[in-house]
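An overview of the molecular structure
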Amino acid sequence: MDKIKKVICKKNNIIFTIIILLAILSRCYEFLKVPNGIHQDEAYALYESWSLLNFGTDSWGYRYPVYFVSWGSGMNVLLSYITIPFVKIFGLKLLSIRLPMLLFSILCLVFVYLLGKKVKGEKFALLTLIIVAFSPWHFMASRWSIESNLAPVFLIISLYFLMKGFENSKFYIISSILFGLTLYSYATIWILVPLCLICIFIYLLYNKKIVFDKRIITSIVILFLIALPLLLFLLVNNDLIREVKMPWISIPKLLVGRENEISFASLFNGAKQLIKLLIFQVDDRLIDSTTHFGLYYHFSIIFIVIGFMSFIRSLVLSIKNRTFSNEAIFCIFILSCLFNACLIRVIVIVRVNFIHIPLLFCCANGIYYIYGKIVNINRKKLFLYLLSSIYIVLFILFQVEYYTETAKSLERKFNYGATEAIQFANNLDVERVHIDPELVGKYSILLCALKVTPEEFINDSKYFNYPAPYLYMESMGKYQFYMIDYEYLDSDGAYVLSEGENEFRNKGYNIKAFGNYFVAWRKEGL
């Protein structure tokens, strides 16, 4: 019997290793070139890291803030703090911001497997790993760095250590630290984390699974202390207390808050939007999924529904029979995620990023449920191997589309060539540089390209709409974002634009192309 267990264990370890290696190879391949360019959110997170590293402040002059002012209505800080060592090693480069997300996405897969084992065992864990590793959403999310995409990773790791705590209470402390840090990854989950933990706590009390020892109390205190700066941040931004400015921490007042982005009044409308998103698995951004393959492949919705109902059944039976199970705990987590998602006023894929891994678990659970209903052993194996093969084949087909059609469409969304064009124009001997008006709200690219100091940014920046939740830059020093008048072009200036090249060429301007952008100028300034 022991020999059989060892053979099965070895086989499972080989399968796990192969899946992880395939996931790593697929995610590492040309991850700096596809998407080509840099997204404005990536650029700002990168710039904040560079600013903190070199000046000890964020872009608005706050020393080590708990939340960035950034665009005006704020930005989550965790990714930027994590990125600081990478900026120290590699500099203010795209690699510095994308590598941390790539590494965390791979780490996420490991903990998906470990959590899957806690929820329903080894076989379920491997199936879930395949579903997540080869899903379009997880692949695309791993290849660029919007700061909120750390939230799903930290939630899964936190939940795993919480379940470890049920066996050994020392892991509660690790879980509380991770849940606390998770709050700094994405403001939208400020409801999810306490809601989920309170519901789990009630469930544990109901099943007499929790003992109040020093570790439990220590864990609660640690979580409270880590969350405290964000509680103060809420007080500051509701005008109940003043800003906190200290040498080692700042709690800033945002120009404009985002209170209307998440509300209990949005519950029913949010539920409708969420159902629509899950059916079509695509939004208008087309950054996090593709039309043809969706978030998790369109047919997977069948397994997601079956798996979700199976989790619900497990929770109901657990409560009814007063028997504890990790499966019930995970169901509480799923329900908390879905409830939080429904509170979001305008739902897009990235804003509900915390639901995707739980739903992929539901997908695996749906497949596992059907697998369990098949009596014949050979048919059971055939069903599992067939579906796993289908997901792998679909992933290969998705890869083909991603590196061709999708790669091309992402170039515009990731401002391909803008950084190089701005840097080239900066070296020209011109009095002004006119920046494409489409970059008016993407000025973080300018900050990164020119390594603008926080002091220069604060003193030299002018805006069209100050104060606002999303500022539109009017000018910064010699850089201007006005609409281009082709009848009265600036002969003493240079232009960084994405269209209108022939207009400048016909008027005798020099032209140099950079990706989707070009620089036009009259003076020979290099």
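Everything that follows concerns the structure shown earlier in this document.
Notes on the structure follow.

Cut-offs used in this document
Residues numbered from 1 in each chain as written. Predicted model: local features only at pLDDT ≥ 70, side-chain atom pairs only at ≥ 80, totals over all residues. Heavy atoms only, no water. Pairing = 2+ DSSP bridges. Helix = DSSP H or I, 4+ residues; strand = E, 2+ residues; numbered from the N terminus. Core = buried A, V, L, I, M, F, W, Y, C linked by side-chain atoms within 4.5 Å. Buried < 20%, exposed > 50% of the residue type's maximum accessible area, 1.4 Å probe, protein only. Contact = heavy atoms within 4.5 Å. 1 Å grid on protein atoms, 1.4 Å probe; cavity = no way out; pocket = protein on both sides within 12 Å on 5 of 7 lines; lining within 4 Å. Points joined across faces, edges and corners; volume = space filled by probe spheres on them. Nonpolar A, V, L, I, M, F, W, Y, C, P; charged D, E, K, R; others polar. Salt bridge = Lys/Arg side-chain N within 4 Å of Asp/Glu carboxyl O.

As summarised here, the arrangement of the seven strands in space is β4-β5-β6-β3-β7-β9-β8, forming an open sheet in which the pairing is mixed. Each edge of the open sheet is held by one strand with a lone partner, namely β4 (461–463) and β8 (510–514). The pairing of β4 with strand β5 (residues 473–476) spans three bridges and is antiparallel. The residue bridging Ser 461 from the neighbouring strand is Met 476, located in β5.

This part is about the nonpolar core. One finds Phe 330, Phe 354, Ile 367, Tyr 443 and Phe 457 to be the most contacted residues of the largest nonpolar core, which totals 177 residues. In terms of residues, this core owes the most to one element, helix α7 (residues 150–165), which gives 12 residues. Ignoring anything within four residues of it in the chain, the contact list for Tyr 443 reads Tyr 44, Ser 70, Trp 71, Phe 457, Tyr 463, Leu 471, Met 473 and Phe 481. Counting eight residues, the second largest nonpolar core, distinct from the first, contains Leu 497, Phe 504, Phe 518 and Ala 520.

This paragraph deals with empty space enclosed by the protein. One water molecule sets the probe size; rolling that probe over the atoms shows where empty space is left. Counted by the stated rule, this structure contains one cavity of 30 Å³ or more. When its volume is computed, the largest cavity comes out at roughly 70 Å³. Taken together, Met 101, Ser 105, Cys 108, Trp 137, His 138, Ala 141, Ser 142, Asn 149, Pro 152, Val 153 and Ile 357 make up the lining of the largest cavity. For the lining of the largest cavity, the secondary-structure elements that each account for two or more residues are α4 (94–120), α6 (136–141) and α7. Split into classes, the residues belonging to the lining of the largest cavity amount to seven nonpolar, four polar and no charged.

By the secondary structure assignment, Ser 219 is in helix α10 (residues 214–237). You can call Ser 219 buried: its relative accessible area is 6%. Look past the residues within four positions of Ser 219 in its chain and what remains in contact with it is Tyr 172, Ile 173 and Ser 176.

Attention shifts here to the pattern of salt bridges. Once their charged atoms are close, side chains differing in charge can pair, the charge on each being opposite to the other. Counted under the stated rule, the structure contains 12 salt bridges. Between Glu 167 and Lys 118 there is a salt bridge; the shortest N-O distance is 2.6 Å. Of this pair, Glu 167 sits in the loop between α7 and α8 (170–182) while Lys 118 sits in helix α4, and the two are 49 residues apart along the sequence. Judged by relative accessible area, which is 54%, Glu 167 ranks as exposed. Note that Glu 327 is salt-bridged to Lys 120, the shortest N-O span being 3.4 Å. Of the two residues, Glu 327 sits in helix α13 (residues 326–342) while Lys 120 sits in helix α4, which places them 207 residues apart along the sequence. On the accessibility criterion, Lys 120 (25% relative accessible area) is partly exposed. Bridged by salt links that share partners, the residues Glu 431, Arg 432 and Asp 490 form one connected network.

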